[in-house]
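# Commentary on secondary and tertiary structure
Here is how the chains run, residue by residue.
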Amino acid sequence: MKKIKTKTSAVVLAAMLGISALSGCGNKEKISDTKNTTEQGGLELDDGFNPSSDRVKDKTKEIESIINYYYYFDKDAELQEESYFDGIMAGLDDPYSVYYTPEEYQQLMEDDSGEYVGIGATVQKNVETNEIRIVKPLKDTPAEKAGLLPGDRVIKIDDYEITADTELEAAVKMIRGEEGTEVVVTVRRDGETEDREIRITRALVKNITVSYEMLQGNIGYIQVDQFIDNTPDQFIEAVDELTAQGATSLVFDLRNNPGGLLSAVVKMLDYLIDDNAKVDGADAAGDILYTIDKDDKMIDKYGCSDNHSVDLPMAIIVNEYSASASEVFTSCMRDYGKATVVGTTSFGKGIVQTVLPLKDGSAIKITIAKYYTPARAEIHKIGIEPDVKAEVTDEQKKMLKIPHKDDAQLQAAVKALGGAPLTDE
């Protein structure tokens, strides 16, 4: 059986299954894409935890002596060391602040490229239930073809049983592997009495994060699965193609989108919002996002600069799995009066993480700030309430694609734009 790291603190992360974990409902959901280097030694410890204190060193030595004398099984020194660093981060009691081994950090960075070997699904670990669930298999990926569905609870990967202490990154690492090899993912599906063993052959997944089509009544429909490096180009192409085809309004579907890179969502918003537009509470025209540190000081302010905007009626669909960068997009568009928000209350992740590489190739991800919308609204642990509430059925939540005519949330978005009810698939 494989040895993997576990820890007692709950982690909520979203990831491309078979790549790495996005921090957030995730994200590696980082809402921040900052990647800095710490010199390990130039930082001063405060009056709190000090690993070099005599008390900590003596207690560590005492515990190690007991382990060496009594422990029945063989020790894995490398695993012990990694768990020590895990424990430091776990002691912050922040589900978004975590330690990455060199291999996990490399895996994390690969997420942003849009191409990887895996099965192709977005997953999430919930801080309250500690369950790892499938949020969404990506279109035309091994996960979709094998039959994984949204909401499936992952209970076993090959012969390893997933527990409440299993880190999402560790589970994802087990699913990764060489192209053409097989992994068995056992899931528990709501409403079924028996677990399902699903055999999936790993493959190179090209992550298409944006899909689009023209709906009845010249309504352009754009679905965004997550925010990574290649998302803005795909998004801009979708907007341009639909407007060229004669779209008179746009619907952005961010349901089950766990978030991703701040740089990606800022570029997308910049393309839609007029650089000279301003909302009450904003410092300047075209402001998109503010990040505020623990001392209530502004770290960064992001604004529009591309001299481009899209002036069409718009609607955004969100649900309880729309998090982080999805909420940045949604709140900013609503603050500027650019879009009507439809669906159910979003996840509520309004804090910022940065990834800091360490000298040995490992890294930590740590929460550094809260973010605020252009109108200075805070959404952390609050979420975004829709302007138009609409829900789909529990059964539809498990579907990879709800037929348009049966999709109450999409129908509500179309209605908000003045369109007639959709009658096609």
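Residues numbered from 1 in each chain as written. Predicted model: local features only at pLDDT ≥ 70, side-chain atom pairs only at ≥ 80, totals over all residues. Heavy atoms only, no water.

This part is about the nonpolar core. Judged by nonpolar contacts, the single largest core of 48 residues is most densely connected at F235, F252, F329 and M333. Only strand 13 (219-224), helix 6 (231-244), strand 14 (249-253), helix 7 (262-272), strand 15 (287-292), strand 17 (314-318), helix 8 (325-335) and strand 20 (363-372) provide two or more residues apiece to this core. The leading source of residues in this core is helix 7, at eight residues. Among the nonpolar cores identified, the runner-up in size contains 21 residues, and A143, A171, V183 and V185 belong to it. (Core = buried A, V, L, I, M, F, W, Y, C linked by side-chain atoms within 4.5 Å. Buried < 20%, exposed > 50% of the residue type's maximum accessible area, 1.4 Å probe, protein only. Helix = DSSP H or I, 4+ residues; strand = E, 2+ residues; numbered from the N terminus.)

Burial of strand 4 (residues 115-118) is one-sided: the residues Y116 and G118 facing one way are buried, the residues E115 and V117 facing the other way are not. Bridge count for strand 4 against strand 11 (residues 203-206) is four bridges, and the pairing is antiparallel. Across the sheet, E115 pairs through a bridge with K206, a residue of strand 11. (Pairing = 2+ DSSP bridges.)

On to helix 5 (residues 168-175), then. A large share of helix 5 lies buried, amounting to seven of its eight residues. Along helix 5, the residues classified as buried are L168, E169, A170, A171, V172, M174 and I175.

The next subject is the pairing of strand 5 (residues 121-125). Among the five residues in strand 5, five count as buried, and that is most of the element. The side-chain alternation of strand 5 yields two buried faces, one formed by A121, V123 and K125 and the other by T122 and Q124. Pairing geometry for strand 5 and strand 6 (residues 132-137), over five bridges, is antiparallel. If you follow T122 over to strand 6, its bridge partner there is K136.

Moving on, we get to helix 8. For helix 8, the tally of buried residues reaches nine of eleven residues, placing the bulk of the element in the interior. Residues A325, S326, E327, V328, F329, T330, S331, C332 and M333 constitute the buried set of helix 8. Following helix 8 by one or two positions, G337 adopts a phi angle in the positive range, close to 70°.

Negative phi is the rule for most residues except glycine; trans is the rule for most peptide bonds. Look at N130: it is not a glycine, yet its phi comes out positive at around 60°. With respect to the element layout, N130 can be found in the loop between strand 5 and strand 6. Positive phi is not limited to glycine here, since D140 has a value of about 60°. As for its placement among the helices and strands, D140 is situated in the loop between strand 6 and helix 4 (142-146).

On the surface, F49, Y84 and I88 cluster together into a nonpolar patch covering about 280 Å² of accessible area. Counting through the fold element by element, F49 comes out in the loop between strand 2 (20-23) and helix 1 (54-70). For F49, a relative accessible area of 46% translates into the label partly exposed. (Patch = residues over 30% accessible without salt bridge, like charges linked within 9 Å, V, L, I, M, F, W, Y side chains within 5 Å. Areas by Shrake-Rupley, 256 points an atom, 1.4 Å probe, with all protein chains shown as cover. Salt bridge = Lys/Arg side-chain N within 4 Å of Asp/Glu carboxyl O.)

By definition, the strands of a sheet pair up through backbone hydrogen bonds, in either a parallel or an antiparallel sense. With respect to topology, six strands assemble into an open sheet ordered 12-13-14-17-18-21, the strand pairing being mixed. Both edges of this open sheet fall to strand 12 (210-215) and strand 21 (388-389), since each of them pairs with a single strand only.

This part covers the packing of helix 7 against helix 8. Packing of helix 7 against helix 8 leaves a shortest axis separation of 10 Å and a crossing angle of 20°. Judged by the angle between their axes, helix 7 and helix 8 are roughly parallel. Read as a crossing pair, helix 7 and helix 8 show a hand that is right-handed. Residues V265, M268, L269 and L272 of helix 7 form the contact with helix 8, whose participating residues are A325, V328, F329, C332 and M333. (Axes fitted to C-alpha atoms, helices over the stretch in contact; angles between N-to-C directions. Parallel < 35°, antiparallel > 145°, perpendicular 65-115°, else oblique. Left-handed = near helix turned anticlockwise from the far one by under 90°. Contact = heavy atoms within 4.5 Å.)

Under the criterion given, the structure shown has eight aromatic pairs. Pairing Y71 with F73 gives two aromatic rings, centres 6.1 Å apart and planes at 65°, and the pair type is edge-to-face. Taking the centre distance of 6.0 Å and the plane angle of 80° together, the rings of F235 and F329 count as edge-to-face. Residue F235 is located in helix 6, and its partner F329 is located in helix 8; the two are separated by 94 residues in the primary sequence. Under the relative-accessibility criterion, F235 is labelled buried at 0%. Between the NZ or CZ atom of K349 and the centre of the ring of Y96, over which it lies, the distance is 4.7 Å. Its end group placed over the ring of Y290, R376 keeps NZ or CZ at 3.9 Å from the ring centre. (Phe/Tyr/Trp six-rings, centres within 6.5 Å; stacked < 30°, edge-to-face > 60°. Lys NZ or Arg CZ within 6 Å of the ring centre and 35° of its normal.)

Taken by themselves, the reported measurements are silent on function.
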